[in-house]
Amino acid sequence: MFPILKKRVLNPTVTYMEILAPRVAKKAQPGQFIMLRIDENGERIPLTIAGYDREEGTVTIIFQKVGYTTYSLDGLEEGDSLLDFVGPLGRASDFDGMRKVAVVGGGLGVAIAYPQAKALHDLGAEVDFIVGFRNKDLIILEEEFSAACSDLTIMTDDGSNGRKGFVTTALQEKLEAGAEYDAVIAIGPLMMMKAVCELTREKKIPTIVSMNSVMVDGTGMCGCCRLTVGGETKFACVDGPDFDGHQVDFDEAMARSRMYFDEEQLSMEKHACQLGGKKQ
Amino acid sequence: MSNMSPNKNPMPEQAPDVRNKNFSEVALGYSPEMAMDEAKRCLNCKNKPCVSGCPVNVRIPEFVALVAEGKFAEAAAVVKSTNNLPAICGRVCPQENQCERQCVRGKKGEPVAIGRLERFVADYVMEHGEQAAEVSAANGHKVAVVGSGPAGLSCAGDLAKRGYAVTVFEALHTPGGVLVYGIPEFRLPKALVRKEIATVENLGVEILTNTVIGKSITLDELLEEEGFEAVFVASGAGLPNFQKIPGENLLGVYSANEFLTRINLMKAYDFPQHATPIKVGRVAAVIGGGNVAMDAARCAKRMGAETVYIVYRRSDAELPARAEEVHHAKEEGILFRLLTNPTQIIGDEQGRVKAMEVVEMELGEPDASGRRRPVKKPGSEYTLDVDTVIIAIGNSPNPLIKATTPGLECQCWGGIVADEETGKTSREAVYAGGDAVTGAATVILAMGAGKKAAAAIHEYIQNKEK
């Protein structure tokens, strides 16, 4: 069992947890992920490692309530435990040769982009961190973000926090203002990563994306997370999750991400009362 | 007095049109009377040809004689002295190619039903309790086993009996490997697998789940930091092969591994009570002709597919699956499209499978494997309307350990290079066996490899001490 040591509700849909998992914490690197299962009837879901403390033996996960499993996870409290927690899985991010970088995070991706920004910042790289939220109330981890970069830009879709627009708007402005990046790292919804890649492709800026595909085992066994990169089939779990964004077939990835949409709805309905009960 | 009937006692089974709608076990097992009657067909040959056909050397005539006398617990103890997983082997071993193939009774009529008797005694003691196995006193030596499938459990059990402190590292959340994620409930009930694994744990073996060797810990760390004196790598063949034809990433195309793992390990047949979903449409096509293909086809039928095809590029005679599995599949209404190969999978505008184009094949000259090579019949392409495609054309060894263990020699296709008799690899103190070495094979061959490696590891550690 893997106890939840700390829980913070970051905004109405996003939750932060520190899980005691010393073996995972010992090996975790930015860019890697874990698989967890809440209980005996639960499904295995992948979550990106949002932080780790090797001495305390803890691993941080930050997740958005999108389906049955993440709603159930959000219903747990400090002192509760997860039945299964395995990792670190996938390849660690490769920061070689990155001296000036734009890290772009959208939606939940901002939380996942945070360890990348922090790692690059700690390595001495100049990091422009661009994050986007729907509105002001959903902004999370602002202090942590500021401390992990040279320049933080917060965008909101409705302009309720000053700057109105998408993260791509801010990235485009920076590029037009003459910023020269060794690489752009984009993490967030598939649509956002695709838009960032379209922008950077013209300018020939190497762009790394983190693919959060549907997975079952997370160790290369099922092939459920396969995607097309540069015309070849790759597994996000063992070949990624980081890939060259200019090579990724995003349209296929978007179709594949909708595979179990109907079942997810059914699962939410089926468990509605249970989830409702837990939330109170 | 021997029972001279030329035929085996038939195995009681669920009727085909009943069982193809449920996940309960197909074969129901012998009654004590049937088992005693079948056991009396054994001639107790002096030279025991059957034993030479068994990769784990079960003392067959000895245990069968005890069954004939009604001494079932004693019979089980004889089986268990060399086989750590008899309830499993009795169900999934291809006995027709092993012990039963050597049986003298098989020369005129059917061989003794050794597999069914093994299953019977193992089930009997599981239900009625059994004598505790003999375990040597702890010898103070630690051995690590990577993977808790048949090879790993067999090696771990044998080493524990010799007094070793054995830790088995399992990547998934449940031990058993292919026994739990691959082979379906209706062929091998999971409650039974759990119980049989518990008997291995009772020998003192510790199983650590949720630990991926090569990620959570490397093999070198096991040897250098965690104090293990030897490691047995039995990580299986878990990397699914695809056909590399257009349309393989459409929605509704599964590797057999994914399809079976969702159903068996994650219990998607019980969705939404179990949270893992699966989608099986109206018409499913399974590509391949092995046991895994039969398992996938029979699962698809049970999940409600109206029509299920097996699409295999060679003919009936070359089907690699056990005859019994093919027979069961046909009885359950699976349609065989033999001498047929897919050329592309066709999707609709949402990216979901709507059809598969196939081409007819004919058999040409024998290839390197000795089987006649299938060649396309030009112009014979046609489409099958399907909405689910399951690719069951084999698995390769998972590359995680190879990629993270310097100096571990592997074949070009990914298999670990290991001595056939000892499991010794190119690295000192590292042994390997099972599908990780041979590529996908059978449960019992993997168990045989585990057994040989246990003996070799024992010898290695004893010699090192001198």
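Residues numbered from 1 in each chain as written. Chains lettered and ligands numbered in written order. Predicted model: local features only at pLDDT ≥ 70, side-chain atom pairs only at ≥ 80, totals over all residues. Heavy atoms only, no water.

**Details of helix α3 (residues 109-122) of chain A**
Residue and element names in this part refer to chain A.
- Given a rise of 1.5 Å per residue, 14 residues ought to cover 20 Å, and the 20 Å separating the end C-alpha atoms of α3 matches this to within 8%.
- Among all positions of α3, only G109, V110, A111, I112, A113, Y114, P115, Q116, A117, A119 and L120 are buried.
- On the buried face of α3, the contacting elements are β4 (45-48), β6 (58-64), β9 (100-106), β10 (126-133), α4 (142-147) and β12 (183-187). (Helix = DSSP H or I, 4+ residues; strand = E, 2+ residues; numbered from the N terminus. Expected span 1.5 Å × (residues − 1). Buried < 20%, exposed > 50% of the residue type's maximum accessible area, 1.4 Å probe, protein only. Contact = heavy atoms within 4.5 Å.)

**Quick word on the pattern of salt bridges**
- The full count for this structure, using the stated rule, is 45 salt bridges over all chains.
- In this structure, the salt-bridge partner of K65 of chain A is D74 of chain A, at a minimum N-O distance of 3.4 Å. Each member of the pair, K65 of chain A as well as D74 of chain A, is classed as buried.
- Ionic pairing is found between K464 of chain B and E229 of chain B, a salt bridge with its closest N-O pair at 3.6 Å. Remark: E229 of chain B occurs in the loop between α12 (219-224) and β4 (230-233) and K464 of chain B occurs in helix α18 (residues 443-465); sequence separation between them is 235 residues.
- The class for E229 of chain B is buried, based on a relative accessible area of 19%.
- In the salt-bridge network here, residues are joined through shared partners; they are E13, R19, R187, D295, R298, R302, E325, E331 and E332 of chain B. (Salt bridge = Lys/Arg side-chain N within 4 Å of Asp/Glu carboxyl O.)

**Looking at the interface of chain A and chain B**
- Listed by partner, the interface residues are 47 residues for chain A and 45 residues for chain B.
- Between chain A and chain B, the buried area comes to about 3700 Å², and carbon and sulfur atoms account for 53% of it.
- In this structure, the connection of chain A to chain B is made through 4 salt bridges.
- When the shortest N-O distance is used, the salt bridge between E226 of chain B and R23 of chain A registers 3.0 Å.
- For the interface between chain A and chain B, the tally reads 21 residue pairs in polar contact (both at pLDDT 80 or more).
- Only α1 (22-27), β8 (84-89), β14 (226-229), β15 (232-235), α8 (250-257) and α9 (261-270) of chain A provide two or more residues apiece to the side of chain A that touches chain B.
- Here the element with the most residues in the side of chain A that touches chain B is β8 of chain A; it accounts for 6 residues.
- Residue composition of the side of chain A that touches chain B, grouped by class: 18 nonpolar, 12 polar and 17 charged. (Buried area = accessible area lost by both parts, 1.4 Å probe. Polar contact = N/O pair within 3.5 Å; in protein donor to acceptor, adjacent residues only side chain to side chain. Nonpolar A, V, L, I, M, F, W, Y, C, P; charged D, E, K, R; others polar.)

**Examining the nonpolar core**
- Among the nonpolar cores identified, the biggest contains 100 residues, and I60 and F63 of chain B are the most heavily contacted of them.
- Broken down by element, the residue count for this core peaks at 10 residues, all from α18 of chain B.
- Ignoring sequence-local partners within four residues, the contact set of I60 of chain B consists of C50, V51, C54, C99 and I114 of chain B.
- Core analysis: the next-biggest nonpolar cluster, separate from the first, contains 56 residues, F33 and A179 of chain A together with Y309 and L384 of chain B among them. (Core = buried A, V, L, I, M, F, W, Y, C linked by side-chain atoms within 4.5 Å.)

**As for unusual backbone geometry**
- Across the junction of G87 of chain A and P88 of chain A, the peptide omega takes the value -5°, indicating a cis bond.
- By secondary structure assignment, the location of P88 of chain A is in strand β8.
- Residues G240 of chain A and P241 of chain A are joined by a peptide bond in cis, for which omega reads 10°.
- Phi at N210 of chain B is positive, roughly 55°, even though this residue is not glycine.
- Counting through the fold element by element, N210 of chain B comes out in the loop between β3 (206-208) and α12.
- One non-glycine residue, A429 of chain B, adopts positive backbone phi at about 70°.
- By secondary structure assignment, the location of A429 of chain B is in the loop between α16 (400-404) and β16 (430-432).

**Examining the packing of helix α8 (residues 114-128) of chain B against helix α11 (residues 190-201) of chain B**
Residues and elements named next belong to chain B.
- Orientation of α8 relative to α11, taken along the N-to-C sense of each, is 80°, at an axis distance of 12 Å. In terms of orientation, α8 lies roughly perpendicular with respect to α11. Packed against α8, whose contacting residues are A122, D123 and M126, the element α11 presents L192, K195 and E196 at the interface. (Axes fitted to C-alpha atoms, helices over the stretch in contact; angles between N-to-C directions. Parallel < 35°, antiparallel > 145°, perpendicular 65-115°, else oblique.)

**Section: the domain arrangement of chain A**
Residue and element names in this part refer to chain A.
- The domains assigned to chain A are domain 1 (2-89), domain 2 (94-210) and domain 3 (212-280).
- Between the C-alpha centres of domain 2 and domain 3 the distance comes to 23 Å.
- In this assembly, domain 2 and domain 3 are joined by 1 salt bridge.
- A salt bridge links K194 to D251; the shortest N-O distance between them is 2.9 Å.
- Sorting the residues of the side of domain 2 that touches domain 3 by element identifies α6 (190-203) and β13 (207-210) as the ones contributing at least two each.
- When its residues are assigned to classes, the side of domain 2 that touches domain 3 shows 7 nonpolar, 3 polar and 2 charged. (Domains from an automatic or database assignment.)

**Here's the deal with the sheet that holds strand β3 (residues 33-37) of chain A**
All names here are of chain A.
- Judged by pairing direction, the sheet is antiparallel, and its 3 strands sit side by side in the order β4-β3-β8 without closing on themselves. Looking at the sheet topology across the chains shown, the edges are occupied by β4 and β8. Pairs of neighbouring strands in the sheet enclose a mean axial angle of 25°, with direction left out of account.
- Two elements, β3 and β4, share 4 bridges in a ladder whose sense is antiparallel. Counted as the bridge partner of M35 is P46 from β4. (Pairing = 2+ DSSP bridges.)

**Things to note about α6 of chain A**
Residue and element names in this part refer to chain A.
- Here α6 is 14 residues long and its end C-alpha atoms lie 20 Å apart, about the 20 Å a rise of 1.5 Å per residue gives.
- The set of residues buried in α6 consists of L190, M192, M193, V196, C197, L199 and T200.
- Taken together, the buried residues of α6 touch β9, α5 (167-176), β12, β13 and α8.
- Positioned one or two residues after α6, K204 has a phi angle of 55°, which is positive.

**Overview of the sheet that holds strand β1 (residues 2-11) of chain A**
Residue and element names in this part refer to chain A.
- Read across the open sheet, the 5 strands follow the order β5-β6-β2-β1-β7; overall the sheet is antiparallel. Pairing within the sheet leaves two strands with one partner each, and these edge strands are β5 (51-53) and β7 (81-82).
- When β5 meets β6, the two strands line up antiparallel, connected through 3 bridges. By the bridge assignment, Y52 is partnered in β6 with V59.

**Side note on the environment of G448 of chain B**
Residue and element names in this part refer to chain B.
- Within the element layout of this structure, G448 appears in helix α18.
- In sequence terms G448 and A237 are 211 residues apart; their C-alpha atoms lie 16 Å from each other.
- Contact partners of G448, with chain neighbours within four places excluded, come to P55 and V56.

**What to know about the packing of aromatic side chains**
- Applying the stated rule across the entire model yields 12 aromatic pairs over all chains.
- Both rings, one in Y114 of chain A and one in F145 of chain A, keep their centres 5.9 Å apart while their planes meet at 45°; by these two values the pair is tilted. Within this pair, whereas Y114 of chain A is found in helix α3, its partner F145 of chain A is found in helix α4, the two being separated by 31 residues in sequence.
- On the basis of relative accessible area, F145 of chain A is assigned to the buried category, the value being 0%.
- When the centroid spacing of 4.8 Å and the interplanar angle of 85° are considered together, the rings of F72 of chain B and F120 of chain B count as edge-to-face. In this pair, F72 of chain B is assigned in helix α5 (residues 72-80) and F120 of chain B in helix α8, connecting sequence segments 48 residues apart. Both residues of the pair, F72 of chain B and F120 of chain B, belong to the buried class.
- Taken together, the aromatic side chains of Y114, F129 and F145 of chain A make up a single cluster linked through ring pairs.
- Looking at R8 of chain A, its charged tip hangs above the ring of Y16 of chain A, at a distance of 4.9 Å from the centre.
- Seen from the ring of F228 of chain B, K142 of chain B lies directly overhead, with NZ or CZ sitting 4.4 Å from the centre. (Phe/Tyr/Trp six-rings, centres within 6.5 Å; stacked < 30°, edge-to-face > 60°. Lys NZ or Arg CZ within 6 Å of the ring centre and 35° of its normal.)

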